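Now for the letters of each chain:
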Amino acid sequence: MSIFSKIADMLFPPRCASCGEVTGGELPLCGDCFEKYSRESRRICTDCGKPASGCTCGGREIKTVFYLGYYPDSKRVTEKIIYVLKREKNGRLVDFFARDVAAKIMYYINTVGDEAEDYVVTFPPRSEEGLNKYGFDHAELLASRVAHYTGIPFCRALKRIGGMEQKKLSELGRAENARASLRIKNGEAVKCKKVLLVDDVMTTGATANIASELLYSAGALDVVPAVIAKTVSKKR
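Bear in mind the structure is a predicted one, so any value in this text is a computation, not a measurement.

(A) Molecular detail of the pattern of salt bridges. With the rule as written, the count across this model stands at six salt bridges. In this structure, the salt-bridge partner of E35 is R39, at a minimum N-O distance of 3.2 Å. Residue E35 and its partner R39 are located together in helix 2 (residues 31–41), separated by four residues, close to a single helical turn. Here E35 falls in the partly exposed class, since its relative accessible area comes to 46%. Of the residues examined, R39 reaches a relative accessible area of 44% and is grouped as partly exposed. Residue R156 is joined to E140 by a salt bridge in which the shortest nitrogen-to-oxygen separation is 2.5 Å. Linking R156 in the loop between helix 6 (138–150) and strand 3 (158–160) with E140 in helix 6, this pair joins segments that are 16 residues apart in sequence. Residue classification places R156 among the partly exposed residues on the basis of a relative accessible area of 41%.

(B) Representation of the environment of V22 in the model. Note that V22 resides in the loop between helix 1 (3–11) and helix 2. Judged by its relative accessible area of 42%, V22 falls in the partly exposed class. Not counting the four nearest positions on each side in its chain, V22 is found in contact with P13, P14 and R15.

(C) Region of the structure containing the packing of helix 3 (residues 77–87) against helix 4 (residues 91–112). Interhelical geometry of helix 3 versus helix 4 gives an angle of 120 degrees and a closest axis separation of 10 Å. By the angle between their directions, the pair helix 3 and helix 4 is classed as oblique. Helix-helix and strand crossings are classified by hand; for helix 3 and helix 4 the assignment is left-handed. Between helix 3, through I81, I82, V84 and L85, and helix 4, the contact on the second element is made entirely by L93, V94, F96 and F97. Within the contact of helix 3 with helix 4, the residues separate by chemical class into eight nonpolar, no polar and no charged.

(D) How the structure looks around the pairing of strand 2 (residues 119–122). Neither face of strand 2 is left uncovered, since the one carrying Y119 and V121 and the one carrying V120 and T122 both have all their residues buried. In the sheet, strand 2 pairs with strand 5 (residues 194–202) via four bridges, with the strands oriented parallel. When the bridges of strand 5 are listed, Y119 appears paired with K194.

(E) Main features of helix 8 (residues 206–217). Compared with the 16 Å implied by 1.5 Å per residue over twelve residues, the 17 Å span of helix 8 between its first and last C-alpha is a close match. Of all twelve residues that make up helix 8, nine are buried, and the element is covered over most of its length. Among the residues making up helix 8, those that are buried are A206, T207, A208, N209, I210, A211, S212, L214 and L215. One or two steps after helix 8, the chain reaches G219, where phi turns positive at roughly 105 degrees.

Cut-offs and rules
- Residues numbered from 1 in each chain as written.
- Predicted model: local features only at pLDDT ≥ 70, side-chain atom pairs only at ≥ 80, totals over all residues.
- Heavy atoms only, no water.
- Salt bridge = Lys/Arg side-chain N within 4 Å of Asp/Glu carboxyl O.
- Helix = DSSP H or I, 4+ residues; strand = E, 2+ residues; numbered from the N terminus.
- Buried < 20%, exposed > 50% of the residue type's maximum accessible area, 1.4 Å probe, protein only.
- Contact = heavy atoms within 4.5 Å.
- Axes fitted to C-alpha atoms, helices over the stretch in contact; angles between N-to-C directions.
- Parallel < 35°, antiparallel > 145°, perpendicular 65-115°, else oblique.
- Left-handed = near helix turned anticlockwise from the far one by under 90°.
- Nonpolar A, V, L, I, M, F, W, Y, C, P; charged D, E, K, R; others polar.
- Pairing = 2+ DSSP bridges.
- Expected span 1.5 Å × (residues − 1).

Encoded structure:
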């Protein structure tokens, strides 16, 4: 940590991204909230019966996907801190998630017998509406830090033309919105590569499905979505 960062922490002590208490450390969560988050990440998937670390559920068209945890309801730490990730440029929180996603990616690559140099890291860009509202792309920040921690090249392979925030839309609306707004930006970066598609939350899989189609059309050999959390249906 630089001397400027240390001075900033003294003047403005870092606070827990979930409860707002002073953390007194490098983590973006206090001890209690970190413990709660850890418990939540061990929640069993209602679809496959596996914990997040072993869950491979996704949209029907998605070949491979994995999660760090689940996104169940507003009372839980997971949803609170992802809410912050989307709305605030919180470097500690981005790094917190990026390190975990990176570790899971490297485990996955080793498990399937691949090499890191076979891959590139990219992300589905935020909608124009979201960029105008918050002024940054949280998925881009997350993906770039994941690339840093894995040593895998980062690229901006996709772009958005317009588009609404997915949270406002139905399942059909999400698919239509993604298809209408997502485009290939840099096809050469993914040609003959396996692509790690890093994002925060998977709800219906619409964005990942459309992004995967585009990446495959640009010559990607494989697309592996890697997200922080999977939405769990509140009806279950």
